[in-house]
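# Breakdown of the fold
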Amino acid sequence: MATFFAPSDPSGIRGLHREHIRATPSWRRRATCYDTILVDMDNSPNSINSMDVARVLCLFSFPFLGKTFPCALVHWYKHIGSKLDDATGIWMVCPSFEDNGSRELSVIHLDSIFCAVYLLPMFGNSDPIHPAVTFDNSLDAFKGYYVNKYTNHHSFEILS
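Scope of this entry: the structure provided in the associated data block. (Residues numbered from 1 in each chain as written. Predicted model: local features only at pLDDT ≥ 70, side-chain atom pairs only at ≥ 80, totals over all residues. Heavy atoms only, no water.)

### Quick look at the overall build of the protein chain
Scanning the protein chain from N- to C-terminus turns up 2 helices and 12 strands. The linear arrangement of helices and strands in the protein chain, starting from the amino end, is β-β-β-β-β-β-β-β-β-β-β-α-β-α. Looking at the protein chain as a whole, 38% of its 160 residues qualify as buried. The long-range share in the protein chain, meaning contacts at least 24 apart out of those at least 6 apart in sequence, stands at 51%. (Helix = DSSP H or I, 4+ residues; strand = E, 2+ residues; numbered from the N terminus. Buried < 20%, exposed > 50% of the residue type's maximum accessible area, 1.4 Å probe, protein only. Contact = heavy atoms within 4.5 Å.)

This is the structure:
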């Protein structure tokens with residue numbers, strides 16, 4: 001669960017907003033659920049307002065020298081283009097892979113997760129969506145995604 005300051009959200013101008021970020025192979029005893037997030041990249045020039053998009057695959061912690069470090073294993077998304085899409089005004093991303101075809105993965109500290117983010121598939125012009133595509137596998141079924149800035153006020157402020 002992430003708690004963050006979101007002054008324009010319905011939580012009020014001085015309130016905190018809380019959301020759950022999930023990484024589970026069985027959500028509600030059914031399908032998988034691996035949420036996508038914005039990761040604070042400390043003013044990286046090749047990012048969306050110093051944020052990058054990743055998908056959480058595992059949440060874990062480990063002790064080291066008497067201190068516990070909460071972490072996440074993430075699969076990165078890379079940007080399609082260096083600016084907002086001209087037609088939609090939305091950032092575009094696609095899953096990032098290594099040269100050998102494996103996912104580009106990293107372990108990050110939970111403090112670097114800024115908030116959850118929602119991705120919208122980039123549909124082709126003429127091909128119908130395959131019937132096997134469902135809510136739980138849609139982040140693996142498309143080549144590109146729009147980073148939805150219209151989810152809430154907080155996302156709109158960050159991603160605009």
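Next comes the rest of the write-up.
### Quick word on the pattern of salt bridges
In the structure shown here, the tally under the stated rule is 2 salt bridges. Where lysine 83 meets aspartate 86, a salt bridge forms, and the shortest distance between an N and an O atom there is 2.9 Å. (Salt bridge = Lys/Arg side-chain N within 4 Å of Asp/Glu carboxyl O.)

### Some details on the pairing of strand 5 (residues 36-40)
In terms of burial, strand 5 is largely enclosed, as 4 of its 5 residues are buried. Two elements, strand 5 and strand 6 (residues 51-64), share 5 bridges in a ladder whose sense is antiparallel. Looking at the pairing, valine 39 lines up with aspartate 52 of strand 6. Of the strand pairs in this sheet, strand 5 and strand 10 (residues 113-116) are connected by 3 bridges, and their pairing is antiparallel. Residue leucine 38 lies in a different strand from strand 10, and its bridge partner there is cysteine 115. (Pairing = 2+ DSSP bridges.)

### Here we look at the environment of methionine 92
Summarising the element assignment, methionine 92 is placed in strand 8 (residues 92-95). The contact partners of methionine 92, leaving out residues within four places of it in the chain, are Lys78, His79, Ile80, Asp85, Met122, Tyr145 and Tyr146.

### Details of the nonpolar core
Counting residues in each nonpolar core, the largest one holds 16 residues, and the members touching the most others are Leu38, Val53, Leu119 and Val147. Every element with two or more residues in this core is listed here: strand 6, strand 12 (145-148) and helix 2 (153-159). Leaving out residues up to four positions away in the same chain, leucine 38 has contacts with Met51, Asp52, Val53, Ser112, Ile113, Phe114, Cys115, Val117, Ile158 and Leu159. If you look at the next biggest cluster of nonpolar residues, it comprises 11 residues, including Ile37, Val56, Ala72 and Val74. (Core = buried A, V, L, I, M, F, W, Y, C linked by side-chain atoms within 4.5 Å.)

### Things to note about the state of the cysteines
Applying the stated rule across the entire model yields 0 disulfides. Distance from the sulfur of cysteine 71, which forms no disulfide, to the nearest cysteine sulfur (cysteine 58) is 9.9 Å. (Disulfide = S-S within 2.5 Å.)

### Examining the side chain of serine 112
You can see serine 112 is positioned in the loop between strand 9 (105-109) and strand 10. Note on serine 112: relative accessible area 19%, which makes it buried. Within the structure, the side chain of serine 112 is placed 2.7 Å from the backbone oxygen of histidine 109, a separation counted as a polar contact. If near-sequence neighbours (up to four positions away) are discounted, serine 112 is found in contact with Leu38, Val39 and Asp40. (Polar contact = N/O pair within 3.5 Å; in protein donor to acceptor, adjacent residues only side chain to side chain.)

### Quick notes on the packing of aromatic side chains
Following the criterion strictly, the structure yields 4 aromatic pairs and no others. Here the aromatic rings of tyrosine 77 and tyrosine 145 are separated by 6.1 Å at their centres, their planes lie at 80 degrees, and the arrangement is edge-to-face. Pair noted here: tyrosine 77 is in strand 7 (residues 67-79) and tyrosine 145 is in strand 12, with a separation of 68 residues, a long-range link. Per residue, the accessibility class of tyrosine 77 equals that of tyrosine 145, and both read buried. In this structure an aromatic cluster arises from ring pairing among Tyr77, Phe123, Phe142 and Tyr145. (Phe/Tyr/Trp six-rings, centres within 6.5 Å; stacked < 30°, edge-to-face > 60°.)

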